[in-house]
Amino acid sequence: MISFIAGRFAQSIVVMLTVGLIAFAMFRFVGDPINNMVGQDTTAEQREQLRERLGLNDPFYVQYARFALNAVQGEFGQSYFHRRPVSELLVERMPATLELSLIGAVLALVVGVPAGVYTALNRNGILSNLIMSGSLLGVSIPTFLIGIILILVFGVVWRVLPTFGRGDVVDLGWWTTGFLTASGLKSLILPSVTLALFQLTLIMRLVRAEMLEVLRTDFIKFAKARGILTRSIHFSHALKNSLVPVITITGLQLGSIIAFAIITETVFQWPGMGLLFIQAVLEVDIPVMAAYLVVIGFVFVFINFIVDILYFVVDPRLRADRAGSGH
Amino acid sequence: MTLGVPGPTDMNSKSNQTYEVAAKERTGLADVLRRFFDSDLWFSFRHSPVAIISMAVSILIVFSAIFAHWIAPTNPFDLAQIDLLDSEIPPVWLPDGDSRFLLGTDDQGRDIFSTILYGSRVSLLVGFASVVFAMAIGIPLGLISGYYGGYVDAVIMRIADVQLSFPAILIAFLIDGVARGVLPRAVHDEMALYVLVFAIGISGWVQYARTVRGSTMVEKNKEYVQAARVIGIRRGTILVRHILPNVLGPVLVIATIHLALAIITEATLSFLGVGVPVTSPSLGTLIRVGYDFLFSGVWWITIMPGVALIILVLAINMVGDWLRDALNPKLR
Amino acid sequence: MALLDIKNIRVDFPTRRGVFTAVENVTLSVNPGEILGCVGESGAGKSTIGNTVIGLLEPPGRMSEGEIDLDGKRIDNLPYEAIRKIRGRRIGMIFQDPLTSLNPLQTIERQLVETITTHLPLNEGEARQKAVDLLDRVGIPEADIRIGQYPHQFSGGMRQRVVIALALCADPEVIIADEPTTALDVSIQAQILDLMRELCRERQVGMIIITHDMGVIADITDRVAVMYHGKVVEEGPTQKILGNPDHPYTQSLISAVPRPDVRLKRFPLVEYIESAGEARKELDVANHWLGKARDFEAMDGPLLTLEKLHMRFVTRNAILPRDRRYLDAVKDVSFDIKQGEVFGLVGESGSGKSTVARMIAGLYKPTGGNIFFAGGELTALRTEREKDRYRRQMQMIFQDPYSSLNPRMRVLDIVAEPIRFHNLADDRKETETIVLDLLEHVGLGAAAAVKYPHEFSGGQRQRISIARALATRPRFLICDEPTSALDVSIQAQILNLLKDLQQELGLTMMFISHDLPVIRQMCDRVGVMRHGQLCEVAETEELFENPQHEYSKHLLDLMPKLDVLSHEGLEVEQTK
């Protein structure tokens, strides 16, 4: 168990280092950092001094090591566009994105998994067919269009829900939350539904496919032939066996919610990291892009790590692989 | 279970046929068509109204996009044909509609129906090109990874894993951002389409590589591949002639679904302003341009291209969905 | 009134090409303590009967006629909940593959206890005790410890015992076993059959065994029903049916079963057997292209010599050598094969016999030892070009007819591929002529050339494989279980064909099988393998009459004694 976790941990570190390398390479080689930091009237000599001071003349690996060490401490340099430390910007924007993503993820899971199970078990039911057709529509509408349609209906035509910003937020010192005010909660509704809808349909279709796959296996047939209760076959035999692949992909999907927040945040002018990132792309603000990449990378690696450990808990074959018992 | 569907033995009842007769019957286009119309795929297609309709809609859209300059009532990019006095006219079925403009006009007086036709051409072009690009990278890498195994496989698949931990759209963003940083502004606008195809294509190759690798690993252990090795056939030939044709089935399904996804990604990027420039707008660009008018009640400028996009993507997804079920008989 | 009465049932499967009747007019019954065998070849509808009785027909299949009575009460028209209560409680079922029959995520205990408490009024503790007793009874050592383990911690044979325990745990009156031993090795097969027979007698359970294997039928059944194309053609006491069959299908089926006790000249072919049809076109081999094969250098001594051949697979790779795990699949095997002889290699699964064949054919690179063939050392060759010269002289026929032909190629291209690759013909026209002749020579007819593999049955595909192997005009043919995936009647045809070709073309052959009776029919000399080692090499008749090695004796003991089978119409080869 410990060596398994240690192995996975080492893998995660390698992935993070790779992501860091890409971020660093972007930072270092896309455009000239010096040009982006100083004005037109700086002399060549001053530039060279700055270059030396920032260590841009050091060997590549030294620079990379410095970048990695700084990144671990949350230090990503100055934003070219905002002229402020990137870390400050990120900390400021992070609560908005995390709150939105959390609600989106919970919505996607709470609706997606049961809907997937239901449609797998009632394969030819009317409701199942309706849900499945709906889900095809769901994966066919781009997230930003869902947002636009929701805005049109609830914001422009009915005028019942706010269509931009977070509403009133409460500052807790280290965190600003929209959960504690009525307008904050109301503002969350449209963006979180927009964010959840695409993921929800994906998760639902995945759960359904895996369930159907398991329901066709020999051991389910054998369980039926032993007269096991239908409820038990469905939930304690089939569902549990379909969980293993579902956990992996769901993990990935939940991670991508944070990335899809970029789109939702733009549509709803939600002041989160995504909006920050899209501005950075448009303004070629490389330090912000690099920092965002590292943060997202970290979130993904963390989720993957959790997923691997969940695997281990769910599947006894992995556990016993180490014990090596048998026969 | 094995169903004794009347099969092999029955078909051979007329096996006293001579080779010459049989060979004549079994060659040329006629034979290809005969085998196609006799295939389970065609049977399943014929018996699925959803498949027929979605395929028809897809083909219709593709054709009207290709021949947009003949079909479209006006050329929206020809300044001589547009008149600012015609601006913001609603679709024909609304009170102020004008019969010349089926889906209304935008803020500059352009016919929205025409802009949609031209826009879907750009969307489809980027979509198809991205799919081809992703396939061109993913299929060879998947074949190599699956067939050779070992360190080659480990390296390719680790790269794929790392990339897979990032959503395609984020990768496309990053690539576009980098391109903006590297290329001068004017060059970037000119190259926007290529950058877009590269970004969407690169972010999609992993799916192909993984699928092809999986099927290659199954196929390479099949005895027909071993028989070819015993004969002495070289590896490259085995990969291309024996394995490749047998792993393309699932690729077709992925490509269809990827096409839908590529079109969505393109639209999303263009909507966010990092995609196709306004000079040759795609559906996503049109939605972006119209979005500013949404709150002033002129909703059709943004919604009409949106509906067109949804219909296009939905039709492609439905074809893909049917194809997946039809090629995987277990699911039926 | 019997315990289970199947009366006149008919089962239909609607398909795209019309309704397919899998089972028609079938009437069977079984009494307490009796074992009924249900035997037939693939597609005969025997598995459908088992699924129908227990109400698990796969949609769209349905029973359209007849009735099924359990203890005098009709059960085929019961609502779902009522039939569910019968499953496991009154009718138990055992499936073929023990590796996939158990839920991998639950302990054996949970699966047993759940089944018991579903049907019997016992609490968890009592159910667990019953489960432990049952595991003990089916021969699982340390049952009270192993009950807490997961399925993957048991070997195949042990898992089938667990499956049997699961089928028995609610004390059913009837057991239906669908090919219960097909996935197991011979030695385990014998133990499982013994166990099933004991349990059946001891608990007075009525049992239906569905199988394609005459050995299983002869071994444990009291009565047998022979099925052909969905109908029961003959039914009666096992002794009578096997020893003195009335129906011509049964007669031909029995005559096709390879005998452990005698060596036949050829298997007699009866017209009932599927598409024996196509007579082989006689070829004047001496003057034909195939006969020109003799352009190899003549040589003395054995054609093939193996010296201390060794193969080690890495089963788990790791950066640190101490973490790597290995499997020695073949350990220091040495033997030789003389020109013109048929050499057999026999052993259970995992004995390394196929690995030896693959090393000779060049599919695996041995980790140790040498292979000498036709005067050259194969293990010393480096370049592909050098190897090509020997590849031409050596070909291989594989086990699985469904995967040994590329489904996307026409038969013409499949058979022509080696000819084109080795440049054996002058032009397209000649290649085509040769392929057509070959196809006729293996009994397929030239028209087969334009078709695709899926248009052929298993036996016909194996003929295509043989034609492809002959297309390089080899002098040495490796047959790796060439008939083990085929029905017994098709097997007889293919074995006959191989025998004929071997004699006509003077081929040297290596014949690999797990099936001793088949080995006896085909081989001049035999090597017995176990756990990667060669135990014994002997003349075939010598081995069967007077085995030397302990393991050979053990294998021969386990071989089903088919003494009861009718010997009518068999031509026995005189032993030297």
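Source: prediction; values computed, not measured.

Procedures and definitions
Residues numbered from 1 in each chain as written. Chains lettered and ligands numbered in written order. Predicted model: local features only at pLDDT ≥ 70, side-chain atom pairs only at ≥ 80, totals over all residues. Heavy atoms only, no water. UniProt positions renumbered as here; feature names shortened; annotations may be inferred. Helix = DSSP H or I, 4+ residues; strand = E, 2+ residues; numbered from the N terminus. 1 Å grid on protein atoms, 1.4 Å probe; cavity = no way out; pocket = protein on both sides within 12 Å on 5 of 7 lines; lining within 4 Å. Points joined across faces, edges and corners; volume = space filled by probe spheres on them. Nonpolar A, V, L, I, M, F, W, Y, C, P; charged D, E, K, R; others polar. Patch = residues over 30% accessible without salt bridge, like charges linked within 9 Å, V, L, I, M, F, W, Y side chains within 5 Å. Areas by Shrake-Rupley, 256 points an atom, 1.4 Å probe, with all protein chains shown as cover. Salt bridge = Lys/Arg side-chain N within 4 Å of Asp/Glu carboxyl O. Buried < 20%, exposed > 50% of the residue type's maximum accessible area, 1.4 Å probe, protein only. Pairing = 2+ DSSP bridges. Axes fitted to C-alpha atoms, helices over the stretch in contact; angles between N-to-C directions. Contact = heavy atoms within 4.5 Å. Buried area = accessible area lost by both parts, 1.4 Å probe. Polar contact = N/O pair within 3.5 Å; in protein donor to acceptor, adjacent residues only side chain to side chain. Parallel < 35°, antiparallel > 145°, perpendicular 65-115°, else oblique. Left-handed = near helix turned anticlockwise from the far one by under 90°. Expected span 1.5 Å × (residues − 1). Right-handed = clockwise from strand over helix to strand, strands pointing away. Core = buried A, V, L, I, M, F, W, Y, C linked by side-chain atoms within 4.5 Å.

Within this numbering scheme, the UniProt entry marks residues 4-254 and 309-556 of chain C as carrying the feature "domain: ABC transporter" (unreviewed entry). Between the C-alpha atoms that bound residues 4-254 of chain C the distance is 28 Å, and the span itself is 38% helix and 27% strand.

Empty space among the atoms becomes visible once a probe the size of a water molecule is rolled across them. Per the counting criterion, the structure on display carries three cavities of 30 Å³ or more. Approximately 60 Å³ is the volume found for the largest cavity. Surrounding the largest cavity, Ile94, Ile164, Leu168, Ile175, Met196, Leu199, Cys200, Val205 and Met207 of chain C form its lining. Elements represented by at least two residues in the lining of the largest cavity include exactly helix 6 (156-168) and helix 7 (186-203) of chain C. Broken down by element, the residue count for the lining of the largest cavity peaks at three residues, all from helix 7 of chain C. Taken as a whole, the second largest cavity holds about 50 Å³ of empty space. Along its surface, the second largest cavity is lined by Tyr224, Ala228 and His242 of chain B together with Asn406, Met409, Ile414, Glu417 and Arg468 of chain C. For the lining of the second largest cavity, the secondary structure elements donating two or more residues are helix 12 (223-231) of chain B together with helix 13 (411-421) of chain C. Split into classes, the residues belonging to the lining of the second largest cavity amount to four nonpolar, two polar and two charged.

All names here are of chain A. There is a patch of nonpolar side chains on the surface, built from Leu102, Val106, Leu109, Val110, Val111, Leu172, Trp174, Phe179, Leu180 and Leu185 and spanning about 940 Å² of accessible area. With five residues, helix 5 (residues 86-121) is the single largest residue contributor to the nonpolar patch. Considering the arrangement of structural elements, one finds Leu180 in the loop between strand 2 (176-177) and helix 8 (182-215). For Leu180, a relative accessible area of 59% gives the class exposed.

So, about the sheet that holds strand 9 (residues 223-228) of chain C. All names here are of chain C. The strand order 6-7-8-3-9-10 describes an open sheet built from six strands, whose pairing is mixed. Of all strands in the sheet, those bounded by a partner on one side alone are strand 6 (91-94) and strand 10 (231-237). Mean inter-strand twist for the sheet, computed between neighbouring axes without regard to direction, equals 15°. Where strand 3 (residues 35-39) meets strand 9, four bridges bridge the pair, whose relative direction is parallel. Bridge assignment links Leu36 to a residue of strand 9, and that residue is Arg223.

Time to look at the interface of chain B and chain C. On the side of chain C, 50 residues touch chain B, which itself brings 36 residues to the contact. Counting each side, the surface lost to burial between chain B and chain C is near 4,100 Å², with a carbon and sulfur contribution of 55%. When residues of chain B are sorted by the area they lose upon contact with chain C, Tyr19, Glu223 and Ile231 of chain B head the list and together hold 19% of the total. The interface formed by chain B and chain C contains three salt bridges.

What follows is about the interface of chain A and chain B. The interface is formed by 44 residues belonging to chain A together with 42 residues belonging to chain B. Where chain A abuts chain B, roughly 3,700 Å² becomes buried across the two surfaces, and 81% of that area is made up of carbon and sulfur atoms. Sorting the residues of chain A by area buried against chain B places Ser140, Phe144 and Ile148 of chain A first, and these three jointly supply 14% of that buried surface. For the pair chain A and chain B, the interface holds one salt bridge. A salt bridge links Arg205 of chain A to Asp321 of chain B; its shortest N-O distance comes to 2.7 Å. At the boundary of chain A and chain B, one finds three residue pairs in polar contact (both at pLDDT 80 or more). Among the elements that make up the side of chain A that touches chain B, the one with the highest residue count is helix 10 (residues 230-267) of chain A (eight residues). Taken together, the residues that form the side of chain A that touches chain B break down as 33 nonpolar, seven polar and four charged.

What follows concerns the pattern of salt bridges. This structure, assessed with the given rule, holds 52 salt bridges over all chains. Residues Glu88 of chain A and Arg84 of chain A are paired through a salt bridge, measuring 3.1 Å at the closest nitrogen-oxygen approach. Taking relative accessible area as the criterion, Glu88 of chain A reaches 41% and is therefore assigned partly exposed. Put simply, Arg234 of chain B and Glu384 of chain C hold a salt bridge, and the shortest N to O gap is 3.5 Å.

All names here are of chain A. One way to put it is that helix 5 packs onto helix 12 (residues 286-314) with a least axis distance of 10 Å and a crossing angle of 55°. Viewed along their axes, helix 5 and helix 12 adopt a mutual orientation that is oblique. Our pair here, helix 5 against helix 12, has a crossing hand that is right-handed. The residues of helix 12 that touch helix 5, namely those facing Val86, Leu89 and Leu90, are Pro287, Val288, Ala291 and Val295.

Turning our eyes to something else, we now look at helix 11 (residues 205-220) of chain B. Residue and element names in this part refer to chain B. The end-to-end C-alpha distance of helix 11 is 22 Å, a good match for the 22 Å that 16 residues give at a rise of 1.5 Å each. Those residues of helix 11 that sit buried are Trp205, Val206, Tyr208, Ala209, Val212, Ser215, Thr216 and Glu219. Tucked into the core, helix 11 has its buried residues touching helix 7 (112-148), helix 8 (150-164), helix 10 (185-202), helix 12 and helix 13 (235-271).

Looking now at the pairing of strand 8 (residues 206-211) of chain C. Two faces, one strand: in a regular strand the side chains alternate between the faces of the sheet. All names here are of chain C. Of all six residues that make up strand 8, six are buried, and the element is covered over most of its length. The side-chain alternation of strand 8 yields two buried faces, one formed by Gly206, Ile208 and Ile210 and the other by Met207, Ile209 and Thr211. As judged from the five bridges shared by strand 3 and strand 8, these two strands associate in the parallel manner. Residue pairing for strand 8: Ile35 is matched across the bridge by Met207. For strand 7 (residues 174-178) and strand 8, the ladder comprises five bridges, and the chain directions are parallel. Bridge pairing links Ile175 to Met207 in strand 8. Handedness of the crossover is the feature at issue here: the chain leaves strand 7, passes through helix 7, returns alongside strand 8, and the resulting connection is right-handed.

Among soluble globular proteins, nonpolar side chains are generally buried collectively. Ranked by size, the top nonpolar core spans 130 residues in total, and within it Phe144, Ile148 and Phe277 of chain A together with Phe173 and Leu309 of chain B carry the most contacts. Examining the composition of this core, we find that 15 residues originate from one element, helix 13 of chain B, more than from any other. Residues contacting Phe173 of chain B, with those up to four places away along its chain left out, are Ile262, Phe277, Ile278 and Val281 of chain A together with Leu269, Leu272 and Val274 of chain B. One finds Ile217, Val262, Leu444 and Cys479 of chain C within the second-largest nonpolar core, a separate group that totals 84 residues.

This next bit is on unusual backbone geometry. Cis geometry marks the peptide bond from Pro59 of chain C to Pro60 of chain C, where omega comes out at 5°. Topologically, Pro60 of chain C is positioned in the loop between helix 1 (46-53) and strand 4 (62-70). Positive phi values are uncommon outside glycine, yet Arg83 of chain A reaches one of about 55°. Here Arg83 of chain A lies in the loop between helix 4 (60-72) and helix 5. We note that Gln204 of chain C has phi near 55°; this positive angle belongs to a residue other than glycine. Turning to its location among the elements, Gln204 of chain C is positioned in the loop between helix 7 and strand 8. Residue class for Gln204 of chain C comes out partly exposed when judged on its relative accessible area of 46%.

Residues and elements named next belong to chain C. Considering the arrangement of structural elements, one finds Ile371 in strand 14 (residues 368-373). By relative accessible area, Ile371 is classed as buried at 1%. When near neighbours in sequence (up to four residues on either side) are disregarded, Ile371 contacts Leu304, Thr305, Leu306, Leu309, Met359, Ile360, Pro366, Gly376, Glu377, Leu378 and Thr379.

This part is about the UniProt feature "transmembrane region" (unreviewed entry) in chain A. Residue and element names in this part refer to chain A. Annotation from UniProt places "transmembrane region" (unreviewed entry) at residues 12-30, 100-121, 133-158, 243-270 and 290-314. Secondary structure content for residues 12-30 is 95% helix and 0% strand, while the C-alpha to C-alpha distance between its ends is 26 Å. The span residues 290-314 carries 100% helix and 0% strand; its end-to-end C-alpha distance comes to 36 Å.

All names here are of chain B. By the secondary structure assignment, Ser114 is in helix 7. With a relative accessible area of 0%, Ser114 lands in the buried category. Among the polar contacts listed, one links the side chain of Ser114 to the side chain of Thr74, at a separation of 3.1 Å. Here Asp111 takes part through its side chain, which lies 2.7 Å from a polar atom of the side chain of Ser114. Ignoring sequence-local partners within four residues, the contact set of Ser114 consists of Ala72, Pro73, Thr74 and Pro76.

Before going further, it helps to examine helix 15 (residues 300-327) of chain B. Over its 28 residues, helix 15 of chain B runs 40 Å from end to end, which matches the ideal 40 Å to within 8%, given 1.5 Å per residue. The buried count for helix 15 of chain B comes to 21 of 28 residues, which makes it a mostly enclosed element.

Next up on the list: the UniProt feature "domain: ABC transmembrane type-1" (unreviewed entry) in chain A. Under the present numbering, the feature "domain: ABC transmembrane type-1" (unreviewed entry) in UniProt falls on residues 94-311 of chain A. Annotated as 80% helix and 2% strand, the span residues 94-311 of chain A places its first and last C-alpha atoms 29 Å apart.

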